[in-house]
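Letter by letter, the chains look like this.
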There are 2 protein chains.
Amino acid sequence: MKKLELAEIAALLPQKDRILIVIHKSPDGDAIGCGYGLCMALRSLGKQANVLCGDPIPPIYSYLTDLVPPTDMTPEYVVSVDLGDTKLLSGEAAAYKDRIDLCLDHHYSNSGFAAEGYVDGSAASCAEILKRLLDLMPVTITPDIANAVFTGVCTDTGCFRFSSVTAETHRIAAELIDLGADSAMICRLMFDCKSRARVELERMIYEGLTYYAGGQIAVVTITKQMLADSGATPFDTDGIAALARQIEGVRLGVTITEKDGGEFRFSVRSAGDIDASAICACFGGGGHRGAAGCSMEGTLEDVRQRMAEACAKALGVSL
Amino acid sequence: MKKLELAEIAALLPQKDRILIVIHKSPDGDAIGCGYGLCMALRSLGKQANVLCGDPIPPIYSYLTDLVPPTDMTPEYVVSVDLGDTKLLSGEAAAYKDRIDLCLDHHYSNSGFAAEGYVDGSAASCAEILKRLLDLMPVTITPDIANAVFTGVCTDTGCFRFSSVTAETHRIAAELIDLGADSAMICRLMFDCKSRARVELERMIYEGLTYYAGGQIAVVTITKQMLADSGATPFDTDGIAALARQIEGVRLGVTITEKDGGEFRFSVRSAGDIDASAICACFGGGGHRGAAGCSMEGTLEDVRQRMAEACAKALGVSL
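As the structure is a computational prediction, the values presented were derived from the model and not from experiment. (Residues numbered from 1 in each chain as written. Chains lettered and ligands numbered in written order. Predicted model: local features only at pLDDT ≥ 70, side-chain atom pairs only at ≥ 80, totals over all residues. Heavy atoms only, no water.)

**Q** Please provide a residue-by-residue account of the interface of chain A and chain B, values included.
**A** Tallying the contact residues gives 38 residues for chain A and 39 residues for chain B. Carbon and sulfur atoms supply 59% of the area that chain A and chain B bury against each other, a total of about 3400 Å² over both sides. When the area that chain A buries against chain B is broken down by residue, the three leading residues are Arg-161, Arg-196 and Tyr-206 of chain A, summing to 19%. For the pair chain A and chain B, the interface holds six salt bridges. The closest approach of N and O atoms between Arg-203 of chain A and Glu-207 of chain B, which form a salt bridge, is 3.9 Å. Across the contact surface, chain A and chain B share 15 residue pairs in polar contact (both at pLDDT 80 or more). Among the elements of the structure, α6 (167-178), α7 (183-191) and α8 (196-207) of chain A are those that each provide at least two residues to the side of chain A that touches chain B. (Contact = heavy atoms within 4.5 Å. Buried area = accessible area lost by both parts, 1.4 Å probe. Salt bridge = Lys/Arg side-chain N within 4 Å of Asp/Glu carboxyl O. Polar contact = N/O pair within 3.5 Å; in protein donor to acceptor, adjacent residues only side chain to side chain. Helix = DSSP H or I, 4+ residues; strand = E, 2+ residues; numbered from the N terminus.)

**Q** Describe the domain arrangement of chain A, with residues and values.
**A** Partitioning chain A into domains gives domain 1 (2-191) and domain 2 (196-315). Using C-alpha coordinates to define each centre, domain 1 of chain A is positioned 31 Å away from domain 2 of chain A. (Domains from an automatic or database assignment.)

**Q** Break down unusual backbone geometry for me, with residues and values.
**A** In this structure, Arg-18 of chain A is a non-glycine residue whose phi angle is positive, near 45°. By the secondary structure assignment, Arg-18 of chain A is in the loop between α1 (6-12) and β2 (19-23). Positive phi is not limited to glycine here, since Phe-160 of chain B has a value of about 65°. Mapping Phe-160 of chain B onto the fold places it in the loop between α5 (143-155) and α6 (167-178).

**Q** Explain the packing of aromatic side chains to me, and be specific about the residues and the numbers.
**A** Tallying each qualifying case throughout the model produces three aromatic pairs over all chains. Pairing Phe-160 of chain A with Phe-160 of chain B gives two aromatic rings, centres 5.7 Å apart and planes at 70°, and the pair type is edge-to-face. Remark: Phe-160 of chain B occurs in the loop between α5 and α6 and Phe-160 of chain A occurs in the loop between α5 (143-155) and α6; the pair is interchain, linking two chains. These aromatic residues form a ring-pair network of at least three members: Phe-150 and Phe-160 of chain A together with Phe-150 and Phe-160 of chain B. The cationic tip of Arg-196 of chain B hangs over the ring face of Tyr-211 of chain A; the distance from NZ or CZ to the ring centre is 3.4 Å. (Phe/Tyr/Trp six-rings, centres within 6.5 Å; stacked < 30°, edge-to-face > 60°. Lys NZ or Arg CZ within 6 Å of the ring centre and 35° of its normal.)

**Q** Could you give an account of the sheet that holds strand β10 (residues 263-270) of chain B, with specific residues and numbers?
**A** In a beta sheet, neighbouring strands are held together by backbone hydrogen bonds and run either parallel or antiparallel to one another. Residue and element names in this part refer to chain B. Judged by pairing direction, the sheet is mixed, and its six strands sit side by side in the order β7-β8-β9-β10-β12-β11 without closing on themselves. Looking at strand neighbours, the two that pair on one side only are β7 (210-212) and β11 (286-287), the edges of this open sheet. For strand β8 (residues 217-222) and strand β9 (residues 252-258), the ladder comprises six bridges, and the chain directions are parallel. Residue pairing for β9: Val-219 is matched across the bridge by Val-254. Running at roughly 155° to β8, helix α11 (residues 300-315) makes contact with β7, β8, β9, β10 and β12 (291-297) of the sheet. (Pairing = 2+ DSSP bridges. Axes fitted to C-alpha atoms, helices over the stretch in contact; angles between N-to-C directions.)

**Q** How would you explain the pairing of strand β9 (residues 252-258) of chain A if you had to name every residue and give the values?
**A** All names here are of chain A. A large share of β9 lies buried, amounting to five of its seven residues. With seven bridges joining them, β9 and strand β10 (residues 263-270) adopt antiparallel strand pairing. Its bridge partner being in β10, Val-254 is matched across the sheet by Val-268. Between β9 and β10, which pair antiparallel one after the other, the connecting turn spans four residues, and Gly-261 there sits at a positive phi close to 65°. (Buried < 20%, exposed > 50% of the residue type's maximum accessible area, 1.4 Å probe, protein only.)

**Q** An account of the packing of helix α4 (residues 126-136) of chain B against α6 of chain B is requested, with residue identities and associated values reported.
**A** Residue and element names in this part refer to chain B. Packing of α4 against α6 leaves a shortest axis separation of 10 Å and a crossing angle of 55°. When the axes of α4 and α6 are compared, the pair comes out oblique. The chirality of how α4 crosses α6 is left-handed. Along the contact surface, α4 presents Glu-128, Lys-131, Arg-132 and Asp-135, while α6 presents Glu-168, Thr-169, Ile-172, Glu-175 and Leu-176. Class assignment for the residues of the contact of α4 with α6 results in two nonpolar, one polar and six charged. (Parallel < 35°, antiparallel > 145°, perpendicular 65-115°, else oblique. Left-handed = near helix turned anticlockwise from the far one by under 90°. Nonpolar A, V, L, I, M, F, W, Y, C, P; charged D, E, K, R; others polar.)

**Q** I'd love a proper account of the relation of the copies chain A and chain B, names of residues and values included.
**A** Its rotation angle being 180°, the transformation that places chain A on chain B also includes 0.0 Å of axial translation and leaves an RMSD of 0.1 Å. One copy is carried onto the other by what is essentially a two-fold rotation axis. Interface overlap between copies: 100% of the residues of chain A at the interface are likewise at the interface in chain B, consistent with a symmetric, same-surface contact. (Least-squares fit on C-alpha atoms with pLDDT ≥ 70 in both.)

**Q** Give a detailed account of the environment of Arg-188 of chain A, specifying residues and quantitative values.
**A** Following the sequence through the fold, Arg-188 of chain A ends up in helix α7. When neighbours within four sequence positions are excluded, Arg-188 of chain A is seen to be in contact with Cys-193 of chain A together with Arg-245 of chain B.

Given below as structure tokens:
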């Protein structure tokens, strides 16, 4: 992938037309915000542009998607936003995996799949990069575009909570509010709204919460039965893996999700003092120091016990 | 109360010594952040200064309180921060209610109890005002002072979520991070940590959650028995009144808390489209359009039913 400066991209994009913007499967606020924000900006320059995602966009984002109905268009130039690897393209979007012309991304691990691109792994969201790009383009950032970019900035930082947040993140948020972004509306939709199914699932999860090692390990279990009984969809389980670690005194938070065929998927979170990826590596998995995952087969009781023992060993305590 | 400009206060404070800073009972992050932030700033100018709160400061704020151990001092000048009314002073702090020399506050409803003061009801937190004041004083904002001010900025805005947040709020957050505030640490402590008692109380609350009017009204009940069984302290119930309204489709969220002697306290929240204060006024209470409260006596079933009926009437629907 040829590395471009943002100024080069700002000069190049206005020369293109029929631009397709592809985003990753299970799209989050950053992918959606960047996709629709860039699409609106390009259309404001008189370009034809569409956003393509292989998965449905959650209805909560209708304040963006409603503004950008897809048009009938044969793509001439393909841009990916917030995409670290083409393996994350699904459905119709996957057909473009070998013909991405330009990549805008903030994943250190970006696999360099595009012809040209700009990757800044230090940016807390791809939306921060998009904001810098739009500032260099002959685009008027309307309140709608500001809403799209703000959506990416706030969702990928857990509403300005994560350690990836910098002074720059807040400066960009301030500028977007000055440009008309409705921060309160977006934050309410993204962070202050739970479905009834989610509430019911949380109740079940709290009911089945298991502590080990004097409360230093907490294990949350989500069975297929719980998902069926609560009516929770995949959208409703977003962020659940963080619940166990949030409990006071818990150093390792484990979430077990039952899959088909006797398989259980594990998500392990630590405050960073314990290496979660080393624990998951014992079971053939991996990830980051603070968040890692693996899979095991067996009965729930058995796999839970094996994970609890591995966690206790990592903490140097007994169960 | 004589209104002063911040520049006048910035010139006046360095002439004072033995300064006591009083904060309200059940202190929140804004009161604590402003109290300890101002105290550190005054001490850095060679002043004697203490923070006084009639209630215990929750241990979660030890990253601030540990830095400012109280000294033996006879107060000469008394400052209140984030205090809207002297009725909110408890215990030892209440002794100073008639001798507050200077007030720094952001409550529109400030009762003007001090000799002099500065009140800006448009500021999302008192900490925003304190930041502006410190910028005018010959004070170096150290990382510790920045942490204190950031604590107020983020807690009083629900981590930048509330409608009170402005571009200025984010600009101040950016400046504080530049000055060394550890935004990730503070946000994790303030927003990403639940006690085991809180988790248990939430489980009980979800179990007893009642919907009316096809899910447009949700009622949460907290009995004395639930508080006893979960081991929840008053710190653990913070923010619970917001839970019911957060559920998708809910237009009125009601929280009923059992008090002594057959009394039940009600908190009613709306998205602002329905006037919660008008509902509470039916039962002798009041508040704001989006958040109001009242009390009733009777059996739980009875008072819950009466409130549900009043809510249904306000929505123009049947139960």
